[in-house]
There are 6 protein chains.
Amino acid sequence: MSKIIHIITPIITEGIRSLEDVAPFASENLEFRHSLLDRGPSSIECEYDEAIAVPDTIAKCIEAEQAGADAIVIDCMGDPGMKPCREVVSIPVLGPGETSMHMAAMLGQKFSFVTVVDGVIPMINNLAKIYGLAEKMVSSRVIDMPVLNIEQDIEKTQEKLAEASLEAIRDDGADVIVLGCTGFLGCAEKIIERLKFEGYDVPVIDPIPLTVMTASALIDVGLTHSKKTYAPPRDKVVVGY
Amino acid sequence: MSKIIHIITPIITEGIRSLEDVAPFASENLEFRHSLLDRGPSSIECEYDEAIAVPDTIAKCIEAEQAGADAIVIDCMGDPGMKPCREVVSIPVLGPGETSMHMAAMLGQKFSFVTVVDGVIPMINNLAKIYGLAEKMVSSRVIDMPVLNIEQDIEKTQEKLAEASLEAIRDDGADVIVLGCTGFLGCAEKIIERLKFEGYDVPVIDPIPLTVMTASALIDVGLTHSKKTYAPPRDKVVVGY
Amino acid sequence: MSKIIHIITPIITEGIRSLEDVAPFASENLEFRHSLLDRGPSSIECEYDEAIAVPDTIAKCIEAEQAGADAIVIDCMGDPGMKPCREVVSIPVLGPGETSMHMAAMLGQKFSFVTVVDGVIPMINNLAKIYGLAEKMVSSRVIDMPVLNIEQDIEKTQEKLAEASLEAIRDDGADVIVLGCTGFLGCAEKIIERLKFEGYDVPVIDPIPLTVMTASALIDVGLTHSKKTYAPPRDKVVVGY
Amino acid sequence: MSKIIHIITPIITEGIRSLEDVAPFASENLEFRHSLLDRGPSSIECEYDEAIAVPDTIAKCIEAEQAGADAIVIDCMGDPGMKPCREVVSIPVLGPGETSMHMAAMLGQKFSFVTVVDGVIPMINNLAKIYGLAEKMVSSRVIDMPVLNIEQDIEKTQEKLAEASLEAIRDDGADVIVLGCTGFLGCAEKIIERLKFEGYDVPVIDPIPLTVMTASALIDVGLTHSKKTYAPPRDKVVVGY
Amino acid sequence: MSKIIHIITPIITEGIRSLEDVAPFASENLEFRHSLLDRGPSSIECEYDEAIAVPDTIAKCIEAEQAGADAIVIDCMGDPGMKPCREVVSIPVLGPGETSMHMAAMLGQKFSFVTVVDGVIPMINNLAKIYGLAEKMVSSRVIDMPVLNIEQDIEKTQEKLAEASLEAIRDDGADVIVLGCTGFLGCAEKIIERLKFEGYDVPVIDPIPLTVMTASALIDVGLTHSKKTYAPPRDKVVVGY
Amino acid sequence: MSKIIHIITPIITEGIRSLEDVAPFASENLEFRHSLLDRGPSSIECEYDEAIAVPDTIAKCIEAEQAGADAIVIDCMGDPGMKPCREVVSIPVLGPGETSMHMAAMLGQKFSFVTVVDGVIPMINNLAKIYGLAEKMVSSRVIDMPVLNIEQDIEKTQEKLAEASLEAIRDDGADVIVLGCTGFLGCAEKIIERLKFEGYDVPVIDPIPLTVMTASALIDVGLTHSKKTYAPPRDKVVVGY
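Residues numbered from 1 in each chain as written. Chains lettered and ligands numbered in written order. Predicted model: local features only at pLDDT ≥ 70, side-chain atom pairs only at ≥ 80, totals over all residues. Heavy atoms only, no water.

Enquirer: Got a sec to walk through the interface of chain A and chain D? Specific residues and values, please.
Expert: Taken together, the 46 residues of chain A in the interface contact 46 residues of chain D. Taken over both partners, the interface formed by chain A and chain D buries close to 3,400 Å², and the fraction arising from carbon and sulfur atoms is 65%. When residues of chain A are sorted by the area they lose upon contact with chain D, Met106, Leu107 and Lys228 of chain A head the list and together hold 21% of the total. Joining chain A to chain D, the criterion identifies 2 salt bridges. (Contact = heavy atoms within 4.5 Å. Buried area = accessible area lost by both parts, 1.4 Å probe. Salt bridge = Lys/Arg side-chain N within 4 Å of Asp/Glu carboxyl O.)

Following this line, the structure appears as structure tokens:
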């Protein structure tokens, strides 16, 4: 029987994510599904965007588990709603922010994020503190490009990401690069090429592929999140959700 | 002209908070106002509760600023929505969790939280890490009482809080006690009395009074949050909020 | 009845601090008083200066409490004598170093000090470690100007402080600026103006106003320091003090 | 074409590890291979044991890559030789100590190790510091049983592990349990059962299954270790190896 | 030519320290000298005591250098005046608190202090933070005995210290014990004996012998403190010192 | 009776270290002895080199103790084999990496390493984490010169070290410099001269002299490593060592 990994893209914008993006990882043993939000922001670039993305992300997560998913992946580097989702379902819920940071820490001594805009830096820093990896993350560098512009000129995007990665390696001492927005999916190859040309053989993490395959590994070994950390919500009156 | 501090209690339950609670601190120079949520949970005891409290907290915060408030205080120790609120308004937005932790760190070498239920402990620990005070917080102890039961037998509540405080002092080395739920407002005095009886002269922080007066101090000196950390959200399409 | 906040300027130099400096914060409910030292240094710029400022600061603190003060503020960013003073009196004793660091941590993600001379940097770093905020303080930058020269050309001073602040923001990632010497009182406005002109909307903390109003807040809510951390000295023979 | 994961058990003792142990994870796409050492200790319980296990572990690692392996897993929680192995090959080299710590940190807020004897505790603590996870690991508890005795009375072993796990959860605040010796492979189920009986729904990590499947995920997404952290050794004269 | 190490006991009480105490370490190459204070406390057990000990400690330190000392050792675990003394002289100034913590960290993975009274704990914790060793110090335990009573019943003192050491080892995980008051000089042997009887082979650091011999080592290799950290005080008007 | 300190240079290359190097510290009370390895690398510049240096270092350490040594010093900044050596002997075993870091932390607020090649940086960083001094070490700078080339043009080496030291002081804020390879023995003087010329009065630690004299101090006061951290290996079958 096939494993089902359900990807929730926690925004309302169509056309940014499709199952094509993870098709190379699908097999007869691994099926991918996908949801967008009905209510929320068109992209996530600050705390406010994240706050209004979370309630519907939770709803989609519950639906996905009921529809048979074996694991959930939230498709945003800020991991919006990851913690409340873990409270409301029993299957693993992975965020690419958390997963990438831990894997980056395993692949080299220090890592850097290269990401979209200044506004996300304080959020990434806070995640690193909560995940316990602040000491391993030496910098976050931005290419100053809003999420919804990433694909307008993908070559320009890749070039800017490669520049930011080079600075992270040379000036900040990064040993591993993490693409700091899931909208950069597919950009790793060009960056690696450029880094190699400059003499640097460092891994560049493309978070969604890594996170879905990590979810797959957790399903295989039967592990899910601790209900001691993520206890189910108590029954109580709620209005509007 | 009088300062206006607006308190947002980020739940839908009436009767738990009233302006009576802060009346002793009001004066001709300091007016308090108050909002409850229209949409959200009846109490906040886990990540899920918090997630669905945040959107309407933000809405109430914007309204309060438009109605002339000089500062906002969010009435919950988890500081739900504090960060996105700081992005959408220009006045100071204070959370009693953050304020109490920093003040506790100033009043003694180590502090402990005494709070309601196990479910809030991971959230408090995460806040301490983000605020940079994890090293100063030596423990969180719970009295195993849901928020909405606190006032059913207030003497019992106070007794249990005093017991938990004693354990925090004796076993965990706490020098300062923080009441870890704003629903405990008014309980400090009895606890202090009991601690003194046992030979301990340690401060017990009642978070809402301390937070509103800290907000008042910030208004007096003209300080508000950094727009470099809390930049206004970019204009973008949003559905449902 | 009016609160009394007593400011001790822990040096012997007259004319640097007067009650005029805090007059805007005085009211019928809040009276300020002030002491200079009889014995000590003319300014504080290193560990030695601090060491010989402390004994008379303690003496002035005891006198102030006996004269009816409700709180003490020590007027130096190194917080000289703050800890022993807390042992010998029962009222709150605040240092602007500690208070500013905690408040800066609340106003933005990272803060920097801009201060007088290199000699004070190790002392500030040590305070940040003791107060638990080393991780939040990203840098200290100096304008290379001894304390007693600050007022000789106040415009020059402000200009240099603005330059140092810009560097802290741009190169060190500061979100909040703390004026690292209480002799800079009144300089915040010009710096904020300059920072805004350069596109940065970040708070600049003027420590003495913030610290006296924080002291006022503590008096209002009836909090003082933990006697578990700051127990009264045991009775013993002392010579010379 | 099938992925090949090569497991090196860094001791000389036969009969402790066989490919049966990971057979449930093998498939037409995933082949496992295995080596023991020719030279080294019969078990690893201290720094000395580890020191004499490393040289032949490196040799076996080079052989495995030459024989076509896509990833190496070192079968000991102390991760002996993991770092030098990463220098001498180009494929991913995973240690179950590092992998389990990072995964444990993702599954809950705090984790504990339950392991064999006191002698390994300083080594585990040092690994946690190097991996950056010391803050997430709340304790290591031992069952006081040498590695080579684990299988003599496997029920006794499981019972003792369950006891140690309960203490870690109740007294140390663990949210996740990590089996701290790869010799415990297969013991997780009984421990989980006992913990559930006591009311605790926490994950128990069996390191080898988790580590091999994490290696599989890294192979799938094409990631390997940073050559900036793990540069190939310079050519030089070596005697005896 | 003989090295001269000058010990300053920063209290006014005669009869507690004599050169007999370090006589076993003297030789034709190593001479010890000693000063008591003229002005200061009779013992040091809190911040206040320390504050009034520092000015005369500095004076004695300057005198000792002028009289030809090659290094200074301050005879109190709180290292009172160590930092200002380093500013005013060019020879090494060592504190037994700092020296013992660093050496303890070299001798085992974690260390504990066993000391006199509760009042010194916050001071020791602050030193550990400044020295960077807070993570290595797992506890401080007290025998509840004022400094001036230590020698009244030295057997009782040693017994209590052994008890506290055992608790530190068993309950706090200490690998090394530091005698947390220099008044315990000579007590290590009895404690070691007791610990060995209980099955623990752990070092017990007697701070003054260790610190004087470390000072001797620094003299031999020609190292002294960084004038970048401890710059000489600027010339300025001082009253009373 | 004379103390014997045995220096093990954990490589096979003759002519790099001789007892001449420490002759100035020898006396009638202090004898030095020396071993090279029979099996191992010609120099140590990465994890692999270190791994194959350790087994024979342990063997030489056991031999040295049996031959009457009172302490062992391992002559490499990576402290290869220091921990297993402490398990197999009862006398103090010191590494110059650990000793220099702790002493550097005592001599100034922050220190930097100046060392040979990039490959050793991750190893030094890991040591700093294990020793608890990562916060005190602000940088490691390399002169890009393999160990075996150091003496080819010793003036060039010293010049490059002085340059790297200046950068560490000016750009990284170092207060103390540590020579990050024991092959630099004797280079400190020229660097100090250059730093003074540039206006910096900071200590430059030459690790071997400092470490042998620290070992001497430990012998004098009768301290050795904790057998609780470094318990003797259990008896077990070993092949090849």
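Enquirer: Mind laying out helix 4 (residues 121-131) of chain F, listing which residues take part and the relevant values?
Expert: Residues and elements named next belong to chain F. Across the 11 residues that make up helix 4, a large majority, 11, are buried. Restricting attention to buried positions, one finds in helix 4 the residues Ile121, Pro122, Met123, Ile124, Asn125, Asn126, Leu127, Ala128, Lys129, Ile130 and Tyr131. Immediately beyond the C-terminal end of helix 4, within one or two residues, lies glycine 132, with a positive phi of roughly 85 degrees. (Buried < 20%, exposed > 50% of the residue type's maximum accessible area, 1.4 Å probe, protein only. Helix = DSSP H or I, 4+ residues; strand = E, 2+ residues; numbered from the N terminus.)

Enquirer: I'd love a proper account of the relation of the copies chain A and chain D, names of residues and values included.
Expert: The transformation that overlays chain A on chain D combines an axial shift of 0.0 Å with a rotation of 180 degrees, and the residual RMSD is 0.0 Å. One copy is carried onto the other by what is essentially a two-fold rotation axis. Rotation axis and chain A: the residue whose C-alpha lies nearest the axis is histidine 102 of chain A, separated from it by 2.9 Å. Taken as a fraction of all interface residues of chain A, those also at the interface in chain D reach 100%, which identifies the copy contact as same-surface. (Least-squares fit on C-alpha atoms with pLDDT ≥ 70 in both.)

Enquirer: Can you break down the sheet that holds strand 7 (residues 137-142) of chain B residue by residue, with the values?
Expert: All names here are of chain B. Pairing in this open sheet of 4 strands is parallel, and the strands run 7-6-8-9 from one edge to the other. Two strands in the sheet have a free side with no partner beyond their single neighbour: strand 7 and strand 9 (204-205). Bridge count between strand 6 (residues 111-115) and strand 8 (residues 176-179): 4 bridges; the pairing is parallel. Bridge pairing in strand 8 links phenylalanine 111 to valine 176. Its contacts with the sheet put helix 5 (residues 154-172) on strand 6, strand 7 and strand 8, and the angle it makes with strand 7 is roughly 150 degrees. (Pairing = 2+ DSSP bridges. Axes fitted to C-alpha atoms, helices over the stretch in contact; angles between N-to-C directions.)

Enquirer: Just give me the short version of the pattern of salt bridges, but keep the residues and values in it.
Expert: For the coordinates displayed, the defined rule picks out 114 salt bridges over all chains. Taking the shortest distance from any N to any O, the salt bridge between glutamate 98 of chain D and arginine 86 of chain D comes out at 2.8 Å. Taken together, the residues span a long stretch of sequence, with glutamate 98 of chain D in helix 3 (residues 96-107) and arginine 86 of chain D in helix 2 (residues 82-88) at a distance of 12 residues. Classification of glutamate 98 of chain D by relative accessible area gives buried; the value is 2%. Look at arginine 86 of chain D and you get buried, because its relative accessible area is 2%. One salt-bridge network, held together by shared partners, links Asp38, Asp56, Lys60 and Glu63 of chain A.

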